[in-house]
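Chains, contacts and geometry: an overview
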Amino acid sequence: MAIRLLAPEVASQIAAGEVIERPASVVKELMENALDAGAKSISISVAEAGRKLIEVADDGSGIAADELALAVSRHATSKLARADDLFHISTLGFRGEALASIGSVSRMTITSKVANSNAGARIKVEGGREGKVESVGAPTGTVVRVEDLFHNVPARLKFLKADVTERRAIDALITRYALAYPNVRFKLSEGNNVTLQTSGDGDRRAILAALYGVDVAKQLLEINSEEEGIRLSGFTSPTALTRSNRKDITFFVNGRWVQDTPLTTALIQAYHTLLMVGRYPMGAVFIDIAPEEVDVNVHPAKAEVRFRNQDKIFGFVQRAMRRGLLAYSPVPQVAPTLWGTRSESSQQVGLDWTIAHDGELKVESSKLQVESRESGVDQPPNLEPSTLNKVPLLRLIGQIGATYLVAEGPDGLYLIDQHAAHERVLFEKLMAQHDQKKIPSQSLLTPAVVTLPPQSAKALESQLSILSQFGFEVEEFGTNTFQVRAMPSLFAGSDPSAGLRAIVEDFEEDESPLQNEIEKKLAARVCKRMAVKGGQTLSAEEQRALLSDLERCDSPRTCPHGRPTMIHLSVEMLEKQFGRKGAR
Ligand code: ADP
Ligand code: MG
């Protein structure tokens, strides 16, 4: 075939394909335009998951009648003048191609009016062909109506997913933008049904409730941090609240939703050893940074950004989240329901604070509706991280069921799971020795011989060098058989073959590529196996030693796999349960 120039409508459909993949992409571009225009209120209507209709109405600056035709042509933008401007972009749009692209794959009508004009103007674009600009009456702002998306691109239509899926993508998009712009009112409707509405009063926690439900929203921890001109704000889940995937981690950079970002990894790493393997946190994190520090022009749908100093941002996010997390890491409260009553405090969800819930925050869980309200959610008390994260000084009372220690603290009773607590203690000791590169090791009088299944034996072979760094002296001793000659003194008295088996168990699971992560996971596994078990009677001396070791830990409140080491029955709760206080 000879080389020839593409017909304009073919070229523009190809270009549109980059930006407009599915109905949600249209919603995204139109919402971004409304936000760029300074809208305080954005209403979105959809029909048939956006295939039939997407309409976005805003009360922003509007487009002047004599610029309307320009707005829908390709590479026409009011947001960028010189190439230089690309390196400090503070608007969401900048390429001037969204309206042109949408217009080439749908029937699009734009009606708009600027504040200082009496009349509004309207233009229609169908399959890329522009109509004439007409004068019409309209309120200040812009309404973009997009009908029959992809009617002229059947191939694209075929690739769309089921309506529920496309619709879910739209919902996810709008709720996330609502979260990023809490001062803007968002409303999503389908026919006469309003499915999402935010108040625009700046309260992010109420929007989180719309996104994840009230129960989850009130548990999320608020994080704020600033370092060298980078600001971070947002929410993250306490260690008891996890997901099986990373889908509920949302990052916004300078008001832009970025996906597939290394920032997600930074957040996950902040939870290291606090979550069980295979569990992920939830989070919504908003980062503000000087526009010159980010390149936003790296992805067709602007869904990724590149940082000038990626390591710096990464480290900052990780530190900020970890600090925030440890600061809040609470001792779980015994849920009053466990004690046979359902009092009003059953709203309590394991944190030291609760949401104001007497009708102020109304969420219909089947829909996504948050009504505006006056006061905000109670904020967690502003306590010093150092004191919050630690356990208070405890007075040992004894052991029950050969499994739990009972202790009294300044503010009530503590039940400590001896196994989880010992796991935490061993883990921190082992990692501290490891960091100093000297793990005291003890030779075994009789080496332990362990035969493993072939798969595990292979996994172990590849770990022999790490093992020696951890104070294990292990040698191959025939096919799939190993001999343990020495192990860390920390584990003296424990069964060496159990330790070895712990190391290889689950090893096929996708391990983090980072050496450091592998080592920590490995240490956590061994410590779990070596820790005292439930059902094991401890002498008073052993109990006391365990408690004081735990008090000295950096993260005493969870085991390395994220389970709580202790639960707390506060004096206040005891008083309530015994009817001494708050009885009616
Ligand atoms: P970009 O957003 O990259 O500039 P678009 O094709 O999305 O490109 O929009 C082209 C131009 O039309 C914008 O630069 C802006 O001036 C104008 N515009 C689009 N949507 C709106 C809106 N909702 N309110 C005001 N102006 C708008
Ligand atoms: Mg745009």
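My aim in this report is to walk through the structure given alongside it, one point at a time. (Residues numbered from 1 in each chain as written. Chains lettered and ligands numbered in written order. Predicted model: local features only at pLDDT ≥ 70, side-chain atom pairs only at ≥ 80, totals over all residues. Heavy atoms only, no water.)

1. Some words on a nonpolar patch on the surface
- A grouping of Leu 6, Val 10 and Ile 14 is seen on the molecular surface, where their side chains present a nonpolar patch of about 270 Å² in accessible area.
- You can see Leu 6 is positioned in the segment before helix H1 (8-19). (Patch = residues over 30% accessible without salt bridge, like charges linked within 9 Å, V, L, I, M, F, W, Y side chains within 5 Å. Areas by Shrake-Rupley, 256 points an atom, 1.4 Å probe, with all protein chains shown as cover. Salt bridge = Lys/Arg side-chain N within 4 Å of Asp/Glu carboxyl O. Helix = DSSP H or I, 4+ residues; strand = E, 2+ residues; numbered from the N terminus.)

2. Considering the site of ligand 1
- Every one of the 20 residues lining ligand 1 counts as a neighbour, but Asn 33, Thr 77, Ser 78, Lys 79 and Gly 96 are closest to it.
- Between ligand 1 and Arg 95 there is a distance of 3.1 Å, counted from an oxygen atom to a backbone nitrogen or oxygen.
- Between ligand 1 and Thr 142 there is a distance of 3.3 Å, counted from a nitrogen atom to a side-chain nitrogen or oxygen.
- Starting from 530 Å² of accessible surface for ligand 1 in isolation, the protein chains cover 92%.
- Elements supplying a minimum of two residues to the shell around ligand 1: helix H2 (23-36) and helix H4 (98-104). (Near = heavy atom within 4 Å. Polar contact = N/O pair within 3.5 Å; in protein donor to acceptor, adjacent residues only side chain to side chain.)

3. Section: the sheet that holds strand S12 (residues 249-253)
- The five strands lie next to each other as S10-S11-S14-S12-S13, forming an open sheet whose pairing is mixed. Since the sheet does not close on itself, it has two edges, and those belong to strand S10 (221-227) and strand S13 (256-258), each with one partner. The average angle at which neighbouring strand axes cross in this sheet is 20°, direction not considered.
- For S10 and strand S11 (residues 230-236), the ladder comprises seven bridges, and the chain directions are antiparallel. Across the sheet, Ile 223 pairs through a bridge with Gly 234, a residue of S11.
- Strands in contact with helix H7 (residues 204-212) are S10, S11, S12 and strand S14 (283-288); relative to S11, the strand with the most contacts, it is inclined by about 50°.
- Relative to S10, helix H10 (residues 310-328) is tilted by about 140°, and along the sheet it contacts S10, S11, S12 and S14. (Pairing = 2+ DSSP bridges. Axes fitted to C-alpha atoms, helices over the stretch in contact; angles between N-to-C directions. Contact = heavy atoms within 4.5 Å.)

4. Focus: the side chain of Gln 418
- Turning to its location among the elements, Gln 418 is positioned in helix H12 (residues 418-435).
- Reaching out from Gln 418, the side chain makes a polar contact with the side chain of Gln 399 at a distance of 2.7 Å.
- A distance of 2.8 Å separates the side chain of Gln 418 from the backbone oxygen of Lys 533, its partner in a polar contact.
- Sequence-distant contacts of Gln 418, defined by excluding residues within four places in its chain, comprise Gln 399, Ala 402, Thr 403, Tyr 404, Leu 405, Val 532, Lys 533, Gly 534, Gly 535, Gln 536, Leu 538 and Leu 546.

5. Concerning helix H15 (residues 496-504)
- Of all nine residues in H15, eight are buried, a share of seventy percent or more.
- Within H15 the residues assigned to the buried category are Pro 496, Ser 497, Ala 498, Gly 499, Leu 500, Ala 502, Ile 503 and Val 504. (Buried < 20%, exposed > 50% of the residue type's maximum accessible area, 1.4 Å probe, protein only.)

6. A few points about the side chain of Thr 242
- Relative to the elements of secondary structure, Thr 242 occurs in the loop between S11 and S12.
- Here the side chain of Thr 242 touches Arg 279 through a polar contact of 2.9 Å, side chain to side chain.
- Residues in contact with Thr 242, not counting those within four places in the same chain, are Leu 275, Arg 279 and Tyr 280.

7. Observations concerning the sheet that holds strand S22 (residues 441-451)
- Overall, antiparallel pairing links the three strands, which are arranged S22-S24-S23 in an open sheet. Because the sheet does not close on itself, it has two edges, and the strands there are S22 and strand S23 (473-476). Adjacent strand axes in the sheet meet at a mean angle of 15° when their direction is disregarded.
- Looking at chain direction, S23 and strand S24 (residues 481-488) are connected through four bridges and run antiparallel. Bridge assignment links Val 474 to a residue of S24, and that residue is Val 484.

8. Section: the pattern of salt bridges
- Here the structure, examined in full by the defined rule, presents 29 salt bridges.
- The partner of Glu 227 in a salt bridge is Arg 319, and the shortest N-O contact between them spans 2.7 Å. In this pair, Glu 227 sits in strand S10 while Arg 319 sits in helix H10, placing the two residues 92 residues apart along the sequence.
- For Arg 319, a relative accessible area of 42% translates into the label partly exposed.
- Across the pair Arg 231 and Asp 288 runs a salt bridge whose closest N-O atoms are separated by 3.6 Å. Remark: Asp 288 occurs in strand S14 and Arg 231 occurs in strand S11; sequence separation between them is 57 residues.
- Assessed through its relative accessible area of 43%, Arg 231 is described here as partly exposed.
- If you follow the salt bridges from partner to partner, you end up with Lys 28, Glu 29, Glu 32 and Lys 302 in one network.

9. Concerning the packing of aromatic side chains
- This structure, assessed with the given rule, holds five aromatic pairs.
- Each ring, one from Phe 252 and one from Trp 257, has its centre 6.5 Å from the other, and the planes form 15°; the classification is stacked. Like Phe 252, the residue Trp 257 is buried in the burial classification.
- Ring geometry for Phe 472 and Phe 491: centres 6.4 Å apart, planes at 40°, overall tilted. In this pair, Phe 472 is assigned in the loop between helix H14 (464-469) and S23 and Phe 491 in the loop between S24 and H15, connecting sequence segments 19 residues apart. With respect to burial, Phe 472 and Phe 491 carry one shared label: buried.
- A network of ring pairs unites the aromatic residues Tyr 177, Tyr 181, Phe 252, Trp 257 and Phe 286 as a single cluster.
- Arg 204 extends its terminal NZ or CZ atom over the ring of Phe 286, reaching a point 3.8 Å from the ring centre. (Phe/Tyr/Trp six-rings, centres within 6.5 Å; stacked < 30°, edge-to-face > 60°. Lys NZ or Arg CZ within 6 Å of the ring centre and 35° of its normal.)

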